[in-house]
Amino acid sequence: MFTQSILDYLGCPTCGGAPLSLEASREQAGTIMEGSLRCTATHRFPIHSGVPILIDQSTMIGDEWKLWQEHLNGFQKRRERREREKIQITSKLGRASIQQHHFSTFTGIQAGRLLDVGCGPGKFRYCFDQHRVEYVGLDPIVLPDTDDFPFIAGLAEYLPFKTASFTDVTVLAALDHFKDKPAFFSEVRRVLVPGGRFHLLQSIHEANGLKGTLKYLAHETKDYIESRLGEANPEGVPPHMTEFGGNDLAALLRQFFTLDKEQRYEARLLAPTRMFISMRAA
Ligand SMILES: C[S@@+](CC[C@H](N)C(=O)[O-])C[C@H]1O[C@@H](n2cnc3c(N)ncnc32)[C@H](O)[C@@H]1O
Ligand SMILES: [Zn+2]
């Protein structure tokens with residue numbers, strides 16, 4: 001759902017958030033359905049079916065991006081299959097998961113403008129009072145059930161927003177799929193207002209102790225089974241691009257942020273531990 005008010009904070013992903021102006025567009029009941037956006041340096045981006053596509057293809061060159069695009073194709077195919085099977089009806093009705101509710105409580109977000117990067121279908125929005133928290137979702141894959149909230153097609157590494165646009169940025173179970181984490185963290189610092197916060201939900205692996213070893217083995221077995229199934233079913237879940245140990249992740253984040261608080265969330269005994277972390281720009 002792309003309305004005029006979203007233009008206040010959209011920015012050129014190629015020019016570090018330079019303002020964008022709307023060119024010839026077609027509106028329908030207050031939603032900008034088709035048209036294009038242009039920055040002062042003449043970068044132009046399309047708007048399709050109510051979604052601004054703020055991805056500059058020329059920034060995604062090199063072998064690593066090629067690998068990432070193949071990885072993303074896995075998500076796309078899986079989602080298309082789900083849509084064909086009409087699973088999206090249940091996903092539309094489905095609300096946020098219990099884990100997402102725990103995480104929203106942990107963040108303490110109660111008001112402001114929140115950017116959810118790698119939002120998928122954007123279910124995290126159901127955790128907030130929409131009159132107090134303006135939820136904005138960003139993901140390179142456009143899903144059909146993202147038409148009733150501000151959704152922007154874009155990349156974590158080139159956030160298509162003006163500087164100092166958000167009070168909070170969240171990433172739920174998606175950091176391990178981004179290609180360039182340092183580039184993303186720099187962008188988070190740019191788009192946050194002074195004093196704004198960055199909150200992360202991420203699976204981590206702890207190979208310490210008996211429980212850690214059991215979890216590690218369970219995870220390796222699951223990955224092995226999934227990769228075998230993946231050979232037979234190319235539309236299986238794409239594997240993570242990165243795996244994190246809790247301490248390595250915290251050390252990486254400390255290079256960019258001041259860590260405010262941290263919590264470990266155990267969904268099930270043998271499922272990977274989820275780490276919740278809240279940070280401020282260092
Ligand atoms: C496992 S899903 C998590 C979706 C959602 N956050 C949730 O918890 O339901 C990971 C998401 O990351 C997105 N993603 C992958 N690479 C990305 C990138 N470079 N920038 C933004 N999102 C990306 C994928 O399209 C996918 O929707
Ligand atoms: Zn530009």
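Everything numeric here is computed off the predicted structure, so don't read it as measured data. (Residues numbered from 1 in each chain as written. Chains lettered and ligands numbered in written order. Predicted model: local features only at pLDDT ≥ 70, side-chain atom pairs only at ≥ 80, totals over all residues. Heavy atoms only, no water.)

**A short note on the environment of Asp168**
With respect to the helices and strands, the residue Asp168 is situated in strand E9 (residues 166-172). Overall, Asp168 belongs to the buried group, its relative accessible area being 4%. Each residue touching Asp168, except ones within four places of it in the same chain, is listed here: Ile109, Ala111, Arg113, Leu114, Leu115, Leu192, Arg197 and His199. A polar side-chain atom of Asp168 sits 3.0 Å from a polar atom in the side chain of Thr167. (Helix = DSSP H or I, 4+ residues; strand = E, 2+ residues; numbered from the N terminus. Buried < 20%, exposed > 50% of the residue type's maximum accessible area, 1.4 Å probe, protein only. Contact = heavy atoms within 4.5 Å. Polar contact = N/O pair within 3.5 Å; in protein donor to acceptor, adjacent residues only side chain to side chain.)

**Here's the deal with the site of ligand 1**
Every one of the 19 residues lining ligand 1 counts as a neighbour, but Arg79, Gly118, Asp139, Ala156 and Leu172 are closest to it. Between Asp139 and ligand 1, the recorded distance is 2.6 Å, taken from a side-chain N or O atom to an oxygen atom. A distance of 3.4 Å is found between a nitrogen atom of ligand 1 and a backbone nitrogen or oxygen belonging to His177. Protein chains bury 88% of the 600 Å² of accessible surface belonging to ligand 1 in isolation. Considering each element in turn, the shell around ligand 1 owes the most residues, four residues, to helix H1 (residues 63-84). Among the residues making up the shell around ligand 1, the classes are represented as twelve nonpolar, four polar and three charged. (Near = heavy atom within 4 Å. Areas by Shrake-Rupley, 256 points an atom, 1.4 Å probe, with all protein chains shown as cover. Nonpolar A, V, L, I, M, F, W, Y, C, P; charged D, E, K, R; others polar.)

**A look at the sheet that holds strand E1 (residues 11-12)**
Spatial strand order, E1-E2-E3-E4-E5: five strands in an open sheet with antiparallel pairing. A single partner strand is all that each edge strand has here, and the edge strands are E1 and strand E5 (51-52). Pairing of strand E3 (residues 31-39) with strand E4 (residues 44-48), which is carried by four bridges, proceeds in the antiparallel orientation. Paired with Gly35 across the two strands is Ile47, which belongs to E4. (Pairing = 2+ DSSP bridges.)

**Some thoughts on the domain arrangement of the protein chain**
Its domain assignment divides the protein chain into domain 1 (1-54) and domain 2 (63-282). For domain 1 and domain 2, the distance between their C-alpha centres works out to 25 Å. Of the residues lining the interface, 15 residues belong to domain 1; the matching set on domain 2 comes to 22 residues. Summed over both partners, the interface of domain 1 with domain 2 buries about 1400 Å², with 60% contributed by carbon and sulfur atoms. Viewed at the interface, domain 2 and domain 1 are joined by zero salt bridges. Broken down by class, the residue content of the side of domain 1 that touches domain 2 amounts to eleven nonpolar, three polar and one charged. (Domains from an automatic or database assignment. Buried area = accessible area lost by both parts, 1.4 Å probe. Salt bridge = Lys/Arg side-chain N within 4 Å of Asp/Glu carboxyl O.)

**Brief notes about the sheet that holds strand E8 (residues 151-153)**
Strand order in the open sheet formed by seven strands is E8-E7-E6-E9-E10-E12-E11, with mixed pairing between adjacent strands. Bordering the open sheet on either side are E8 and strand E11 (257-265), each of which pairs with just one other strand. Strand-to-strand, the axes of this sheet are offset by a mean angle of 20°, without reference to chain direction. Packed onto the sheet, helix H4 (residues 181-191) meets strand E6 (112-117), E9, strand E10 (192-204), E11 and strand E12 (273-281) and runs at close to 145° relative to E10. On the sheet, helix H6 (residues 246-254) packs against E10, E11 and E12 and is oriented at approximately 160° with respect to E11. (Axes fitted to C-alpha atoms, helices over the stretch in contact; angles between N-to-C directions.)

**Here we look at the coordination of the zinc ion (ligand 2)**
Taken together, the protein donors to the zinc ion (ligand 2) comprise Cys12 (SG), Cys15 (SG), Cys39 (SG) and His43 (ND1), at separations of 2.2 to 2.3 Å. Of note is the zinc ion (ligand 2), whose four donor atoms meet at the metal with angles of 94 to 120° in an arrangement that counts as tetrahedral. Sequence spacing among the residues donating to the zinc ion (ligand 2) works out to C-x2-C-x23-C-x3-H. A residue pair is termed long-range when its members are at least 10 positions apart, and Cys15 in the loop between E1 and strand E2 (18-28) and Cys39 in strand E3 qualify at 24 residues. By relative accessible area, which is 5% here, Cys39 ends up buried. (Donors = N, O, S within 2.8 Å, 3.2 Å for Na, K, Ca; no water. Tetrahedral: all angles 85-135°; square planar, octahedral: opposite > 155°, others 65-115°.)

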